[in-house]
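Okay, here's what each chain looks like letter by letter:
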Amino acid sequence: MLKVDRIDCCYGNTQVLRGFSLELACGEILCLLGRNGAGKTTALKAIMGLVKPRAGAITVDGVDLTHLPAEAAPRHGIGYVPQGRRLFADLTVAENLEIGLMARHTPRAARERALDLFPALRERLDQASGTLSGGEQQMLAIARALCLEPKVILLDEPTEGLMPSMVARIREVVSTLRRQGTAVLLVEQRVEAVLEIADHVLFVENGRSRDRLAAAELRARPELLGRFVGVGD
Amino acid sequence: MDFGPYLLLATMEGAVGAAVLALTALGLSLVFGVMRVVNVAHGEFFMLGAVIAWWVAHLVGAHPALGFLAALVVAPIMVGLVAAVAERLVLRRLGYDPEATIVATIGLLYVIQQAALSTFGPDARPVEPPVDFRILLPWFGYSGYKLLVIAAAAALMLCVWWVLARTRVGLMMRATRFDRETARAFAIPVDRVYGGVFALGAMLAAVGAVLIVPIQQAHYLMGHDPLLLSFIVVIIGGLGSLRGTVLAALVIGMSDGVISVFFSPTLAKILATLLVAIVLVIRPTGLFGARAA
Ligand SMILES: Nc1ncnc2c1ncn2[C@@H]1O[C@H](COP(=O)(O)OP(=O)(O)O)[C@@H](O)[C@H]1O
Ligand SMILES: [Mg+2]
């Protein structure tokens, strides 16, 4: 359903992605693994239309997003949970969720479903989102993306800097989403956590997409991880 | 006149100035807050509002109230259009780069000013007040129109607050202001928000000018003081803080009025500028600004 076909992306004159490709099917969890600076975040931004590729194509359900304005990605059902959460910290929890609803004109029921996954947010609806704890902020960032009832959700290091209990909670939610048929593209540093929930793993190295392996295979043969420098240690 | 009534008169004059200044500075603050653009041409939008108001009132002729009301509608719309075109043709092409837009809006300042000079001419021209009644106080009579100006400015600021705090458009503006990239990722049409905010900022200045022009006369150089005072207000109020902008406008506008009446307008500007310097040294984020800009 989501297809990234050999894209090149640059910031100014530095090329960051080189012929980067991936494919994501309905209800699949694909995890991007790669060291810091490999280009994972840039790949997600390119999918969201925030960084425009110089070459290549990005399609969702056959719709070519490559040359459409950035509004096209959320309108076509791509939910984004950016690295570092990027909440609208001045705005209340309810207003952050409202922005998720507005993105695709989804009914209020979407918000209720998102809050059912994170009941703790319900008590804080009128609080400025910048005053939430780190874990709550991450929950809100995910809930905000879920408000647009995404077909695909992009999660960029959602467990970065969180307590273990929070990490487990977010992993559960990701599994729940998959069960409900949402495709998940996950960027994660914690290899062990990834292998438990992902279907496939795609290695990213120096702006290039490398081998795509089944998570089951990696679980059986952990030594394969060693092939990818900077991952798994 | 005794000191007491004289002070009251000065305060009332100050309040009229403060009301118009608050509107004008709110426009500058909104543009800076959402777009991070320092609009040096803001005072020219003010001047353009006044000049167009004269022109409309002159064309309508008939009754002063009719001409004024027409000006109150037409002038802000026309100024908003000019601003929207400038935003589209200049600022957007510069990618809203903070430094490039300062230079570009300085250019815009001279373009608008010279355009006004060559069409409107160098003379100051009055617009008749729409109403002509005086409030009779025990010590002096006071123009009823000036009180209307205060009420109208207050009502407009409430409207702006309501739009920002309570509507979807306002929510989009606040989200864009906080994080333009993430706003884009949630389908907020950032380009249109920018165009709208720039036009709205200019329109607020234009409305302020239409309100003042029955008191002050339209002139092609009249944009200087509102620009200086708006900058002072925005810096003291905290860059981008709307509440701070309004409070600072009240302080600066009132003291400008009072000091001008008792001493001289020049001293008022000197003191205000001095206050800016002090605020910048002691509290660079402004008196009411929570965050650094
Ligand atoms: N806004 C930017 N401007 C310039 N270079 C950037 C920008 N964002 C990221 N980069 C560079 O692009 C490369 C890839 O970054 P990123 O996609 O964030 O990697 P990852 O998410 O895999 O850690 C890095 O070398 C980084 O320094
Ligand atoms: Mg990253």
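You'll find the structure just up there.
Summarised in this report is the structure supplied together with it. All of these numbers come straight from a predicted model, not from anything done at the bench. (Residues numbered from 1 in each chain as written. Chains lettered and ligands numbered in written order. Predicted model: local features only at pLDDT ≥ 70, side-chain atom pairs only at ≥ 80, totals over all residues. Heavy atoms only, no water.)

**Quick look at the site of ligand 1**
Residues and elements named next belong to chain A. As a structural note, the neighbourhood of ligand 1 is formed by Tyr11, Val16, Arg35, Asn36, Gly37, Ala38, Gly39, Lys40, Thr41 and Thr42. Within the backbone of Ala38, one N or O atom sits 3.3 Å away from an oxygen atom of ligand 1. A distance of 2.5 Å separates an oxygen atom of ligand 1 from a polar side-chain atom of Thr42. For ligand 1, whose unbound accessible area comes to 560 Å², protein coverage reaches 57%. Here the shell around ligand 1 is built from residues that sort into 3 nonpolar, 5 polar and 2 charged. (Near = heavy atom within 4 Å. Polar contact = N/O pair within 3.5 Å; in protein donor to acceptor, adjacent residues only side chain to side chain. Areas by Shrake-Rupley, 256 points an atom, 1.4 Å probe, with all protein chains shown as cover. Nonpolar A, V, L, I, M, F, W, Y, C, P; charged D, E, K, R; others polar.)

**Points about helix 6 (residues 168-178) of chain B**
Since one α-helical turn is 3.6 residues long, residues separated by three or four positions face the same way. Taken together, the buried positions of helix 6 of chain B are Gly170(B), Leu171(B), Met173(B), Ala175(B) and Thr176(B). In this fold, the buried residues of helix 6 of chain B make contact with helix 3 (93-104) of chain A together with helix 1 (3-35), helix 5 (144-166), helix 7 (180-185) and helix 8 (190-216) of chain B. (Buried < 20%, exposed > 50% of the residue type's maximum accessible area, 1.4 Å probe, protein only. Helix = DSSP H or I, 4+ residues; strand = E, 2+ residues; numbered from the N terminus. Contact = heavy atoms within 4.5 Å.)

**Some details on the sheet that holds strand 4 (residues 55-60) of chain A**
Residue and element names in this part refer to chain A. Taking strand neighbours across the sheet as the criterion, the 4 strands line up as 2-1-4-5 in an open arrangement whose pairing is antiparallel. Where the open sheet ends on each side, the last strands, each with one partner, are strand 2 (14-24) and strand 5 (63-64). Here 2 bridges tie strand 4 to strand 5, and the two strands are oriented antiparallel to one another. In the sheet register, Val60 faces strand 5, and the bridge partner there is Val63. (Pairing = 2+ DSSP bridges.)

**Focus: the coordination of the magnesium ion (ligand 2)**
Within the first shell, the magnesium ion (ligand 2) binds the protein through Thr41(A) (OG1) and Gln83(A) (OE1), at distances of 2.0 to 2.3 Å. You can see Thr41(A) sitting in helix 1 (residues 40-48) and its partner Gln83(A) sitting in the loop between strand 6 (78-81) and helix 3, a full 42 residues away along the chain. (Donors = N, O, S within 2.8 Å, 3.2 Å for Na, K, Ca; no water.)

**A look at the interface of chain B and chain A**
Facing the 20 residues of chain B at the interface are 24 residues of chain A. A per-residue breakdown of the area chain B buries against chain A is headed by Leu171(B), Glu181(B) and Phe186(B), which together make up 33% of the total. Inspection of the chain B/chain A interface yields 5 salt bridges. Put simply, Glu181(B) and Arg86(A) hold a salt bridge, and the shortest N to O gap is 3.0 Å. Taken together, the connections running from chain B to chain A amount to 5 residue pairs in polar contact (both at pLDDT 80 or more). Contributions of two or more residues to the side of chain B that touches chain A are made by helix 6 and helix 7 of chain B. Per element, the largest residue contribution to the side of chain B that touches chain A is 7 residues, and it comes from helix 6 of chain B. Counted by class, the side of chain B that touches chain A contains 11 nonpolar, 1 polar and 8 charged residues. (Buried area = accessible area lost by both parts, 1.4 Å probe. Salt bridge = Lys/Arg side-chain N within 4 Å of Asp/Glu carboxyl O.)

**Description of the packing of aromatic side chains**
Residues and elements named next belong to chain B. Summed over the entire model, instances satisfying the criterion amount to 7 aromatic pairs over all chains. Pairing Phe68 with Tyr145 gives two aromatic rings, centres 5.8 Å apart and planes at 85 degrees, and the pair type is edge-to-face. Note that Phe68 is positioned in helix 3 (residues 64-91) and Tyr145 in helix 5, a separation of 77 residues in sequence. When the ring of Tyr96 is compared with that of Tyr194, the centres are 4.6 Å apart and the planes differ by 85 degrees; the resulting orientation is edge-to-face. Linking Tyr96 in the loop between helix 3 and helix 4 (98-120) with Tyr194 in helix 8, this pair joins segments that are 98 residues apart in sequence. Of the residues examined, Tyr96 reaches a relative accessible area of 6% and is grouped as buried. Three or more aromatic residues joined by ring pairs make a cluster, and in this case those are Phe3, Tyr6 and Phe262. (Phe/Tyr/Trp six-rings, centres within 6.5 Å; stacked < 30°, edge-to-face > 60°.)

**Brief notes about the environment of Lys146(B)**
Residue and element names in this part refer to chain B. Along the polypeptide, Lys146 turns up in helix 5. Residues Lys146 and Pro129, 17 residues apart in the sequence, show an inter-C-alpha distance of 9.4 Å. Not counting the four nearest positions on each side in its chain, Lys146 is found in contact with Glu13, Val16 and Ile215.

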